[in-house]
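Results of the structural survey
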Amino acid sequence: MANWRLSAIQLTSTPNPEYNLAQVALYLQQMSEQFNQDLPHLVALPECFAVFGGADGLQLQYQAALGQGVIQQGCAALAQQFGLYLLAGSLPTISADPQRFSASSVLFAPDGSIVADYQKMHLFDVAVHDRTGSYRESASTNPGQKISLATAGQLKLGMTICYDVRFPGLMQALASQGMNVLSVPSAFTRVTGAAHWHILLQARAIENQCFVLAPNQTGTHANGRETFGHSLIIDPWGRVLADAGEQPGWISATVDLTECQRQQASMPLAQHNRFNSELKP
Ligand SMILES: O=C(O)CNC(=O)[C@H](CS)NC(=O)CCC(=O)C(=O)O
């Protein structure tokens with residue numbers, strides 16, 4: 001089946017996983033009432049959807065091995081209950097460093113099993129002109145070391161997280177393995193989002209000739225942090241199929257994944273590219 005429904009849930013996540021998971025369940029219920037289940041459905045959640053805006057160290061308290069813990073068990077149960085693929089944008093998993101967790105994006109299948117996982121590679125150690133001012137993600141997060149392309153039927157999902165979107169070499173590596181949907185679950189700041197969010201995501205869709213599914217956090221969180229919203233679904237021509245605006249909620253689009261091959265056939269960027277890692281003759 002080349003037709004899929006892609007959806008993104010936009011949240012103002014709190015430090016309380018039970019509350020956040022209940023919001024996700026509410027939106028999944030709304031979707032299930034709106035759509036008949038004739039298409040395979042991928043629903044993506046933002047970065048840090050289950051625990052966000054709390055005290056330093058809170059995420060570390062919720063870290064669990066892959067497939068374990070209340071957050072992942074909650075996601076598996078929701079995927080099963082609603083019969084869909086659920087991309088848990090990021091959640092804390094145990095890393096080799098006991099002081100730091102991995103920011104893992106985990107894809108759950110409709111039977112609740114895990115299809116694939118990815119650990120965020122590029123960490124947001126950045127000064128931003130906002131209330132928070134200085135972000136040091138590497139203090140709490142141990143960076144991942146490998147790329148991850150998830151396969152489910154015709155779907156080939158390139159898994160990335162938030163700040164990764166600024167490093168197009170990662171997406172090019174995923175595209176060379178056949179990616180047709182790029183996921184960028186995010187907690188993009190309000191300031192950097194207003195300046196760069198749409199442009200970066202549309203560029204990644206256009207240059208890799210794939211769909212982009214980018215759920216974002218939105219609003220003001222418990223610690224005063226402000227996120228940008230505007231979760232997006234973009235097609236391989238760079239057209240915005242859906243934009244969630246600023247309120248919490250969800251967006252959906254029905255897509256034909258073979259659209260990627262059509263774009264690639266008419267404009268063969270991958271063959272024309274002379275800069276993979278070094279200049280080709
Ligand atoms: O630290 C946490 O609690 C969860 N992680 C995040 O919110 C991450 C790192 S601070 N946010 C980003 O990567 C924003 C990137 C961004 O906004 C940009 O690239 O402009």
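Throughout, residues of each chain are indexed from 1 in the direction in which the sequence is written. Totals for whole chains, interfaces and linings use every residue, but because this is a predicted model, local features are given only for residues with pLDDT of at least 70 and side-chain atom pairs only at 80 or more, for both listing and counting. Hydrogens and water molecules were not included; the side-chain quantities draw on all heavy atoms of the structure.

**Some words on the site of the ligand**
To be explicit about the condition: The nearness test applies per residue and asks whether one of its heavy atoms lies within 4 Å of the molecule or strand. The term polar contact refers here to a pair of N or O atoms within 3.5 Å; inside protein, the definition further demands a hydrogen-donor-capable atom paired with an acceptor-capable atom, and it admits residues adjacent in sequence only when both atoms are side-chain atoms. Using a 1.4 Å probe, accessible areas were evaluated by the Shrake-Rupley method; residue-level cover was limited to the displayed protein chains. Under the scheme applied, nonpolar residues are Ala, Val, Leu, Ile, Met, Phe, Trp, Tyr, Cys and Pro; charged residues are Asp, Glu, Lys and Arg; polar residues are all the others, including Gly.
By nearness alone, 16 residues border the ligand, and Lys-120, Cys-162, Arg-166, Thr-192 and Arg-225 come closest of all. Here a nitrogen atom of the ligand sits 3.4 Å away from a polar atom, N or O, in the side chain of Glu-137. Here an oxygen atom of the ligand and a side-chain polar atom of Arg-225 are 2.4 Å apart. Alone, the ligand offers 480 Å² of accessible surface; in the complex the protein occludes 93% of this. Of the residues assigned to the shell around the ligand, the class counts are eight nonpolar, three polar and five charged.

**Details of the sheet that holds strand E8 (residues 149-152)**
Short version of the rule: Two strands qualify as a pair provided DSSP detects at least 2 bridges between them. The way it works is that DSSP assigns letters per residue, a run of H or I at least four long becomes a helix, a run of E at least two long becomes a strand, and they are numbered from the N terminus. Angular values range over 0 to 180 degrees, each being the angle between N-to-C directions of two axes fitted as lines to C-alpha atoms, with helices fitted over their stretch in contact.
One open sheet accounts for six strands, arranged E8-E9-E10-E11-E14-E15; its pairing is mixed. Each of the sheet's edge strands pairs with one partner strand only, and the pair in question is E8 and strand E15 (240-243). Put simply, the sheet's adjacent strands are angled 20 degrees from each other on average, direction ignored. Bridge count between E8 and strand E9 (residues 155-159): four bridges; the pairing is antiparallel. Across the sheet, Leu-149 pairs through a bridge with Gly-158, a residue of E9.

**Side note on the nonpolar core**
Rules: Only buried residues count toward a nonpolar core. Its members are Ala, Val, Leu, Ile, Met, Phe, Trp, Tyr and Cys residues joined through side-chain atoms within 4.5 Å. Only protein chains enter the accessibility calculation, which uses a 1.4 Å probe; a residue whose area is less than 20% of its type maximum is buried, one above 50% is exposed, and one in between is partly exposed. The contact criterion used is simple: two residues touch if any of their non-hydrogen atoms lie within 4.5 Å.
Core analysis: the biggest nonpolar cluster contains 47 residues, and Leu-42, Leu-157 and Leu-201 have the highest contact counts within it. Leu-157 has contacts with Leu-42, Leu-87, Leu-107, Ser-148, Leu-149, Ala-150, Val-181 and Ser-183, leaving out every residue within four places of it along the chain. Within the second largest apolar cluster, 26 residues are counted, among which are Leu-45, Val-51, Ile-71 and Val-106.

**What to know about the sheet that holds strand E4 (residues 101-108)**
One open sheet holds the six strands; their spatial order is E5-E4-E3-E2-E1-E16, and the pairing between them is mixed. Looking at the sheet topology across the chains shown, the edges are occupied by strand E5 (114-119) and strand E16 (249-256). Going across the sheet, the axis of each strand differs from the next one's by a mean of 25 degrees, ignoring polarity. Judged from the four bridges that link them, strand E1 (residues 3-10) and strand E2 (residues 41-44) form a sheet pairing that is parallel. Bridge pairing in E2 links Ser-7 to Val-43.

**Focus: the packing of helix H1 (residues 17-34) against helix H3 (residues 69-82)**
Quick note on the threshold: Here is the rule for angles: anything less than 35 degrees is roughly parallel, anything more than 145 is roughly antiparallel, 65 through 115 is roughly perpendicular, and the remaining ranges are oblique.
It is at 11 Å that the axes of H1 and H3 come closest, and there the two elements cross at 10 degrees. Our classification of the angle between H1 and H3 gives roughly parallel. Between H1 and H3, the residues in contact are Pro-17, Leu-21, Val-24, Ala-25, Leu-28, Gln-29 and Ser-32 and Val-70, Ile-71, Gly-74, Cys-75, Leu-78 and Phe-82, respectively.

**Details of the packing of aromatic side chains**
Ring pairs (aromatic) are described by centroid distance and by the angle formed between their planes. The condition that has to hold: When the centres of two rings from Phe, Tyr and Trp lie within 6.5 Å, Trp using its six-membered ring, the rings pair. Their planes under 30 degrees apart give stacked, over 60 give edge-to-face, and anything left gives tilted.
All told, the structure shown has six aromatic pairs when counted by the stated rule. Judged by centre distance (5.4 Å) and plane angle (40 degrees), the ring pair of Trp-4 and Tyr-85 falls under tilted. Residue Trp-4 is found in strand E1, and its partner Tyr-85 is found in strand E3 (residues 85-94); the two are separated by 81 residues along the sequence. Each member of the pair, Trp-4 together with Tyr-85, is buried. Measuring from centroid to centroid gives 5.1 Å for Phe-124 and Tyr-135, while their planes differ by 55 degrees, and the two rings are tilted. Here Phe-124 is found in the loop between E5 and strand E6 (125-127), whereas its partner Tyr-135 is found in strand E7 (residues 134-136), with 11 residues between them in sequence. The same class applies to Phe-124 and to Tyr-135, which are both buried. An aromatic cluster is present here, built from Phe-124, Tyr-135, Tyr-163 and Phe-167 joined pairwise through their rings.

**Comments concerning the UniProt feature "domain: CN hydrolase" (unreviewed entry) in the chain**
The criterion, for reference: UniProt positions are given in the numbering used here, feature names are shortened, and annotations may be inferred rather than shown by experiment.
UniProt feature "domain: CN hydrolase" (unreviewed entry): in the numbering of this structure it lies at residues 4-257. Here residues 4-257 is 25% helix and 31% strand, with 7 Å between the C-alpha atoms at its ends.

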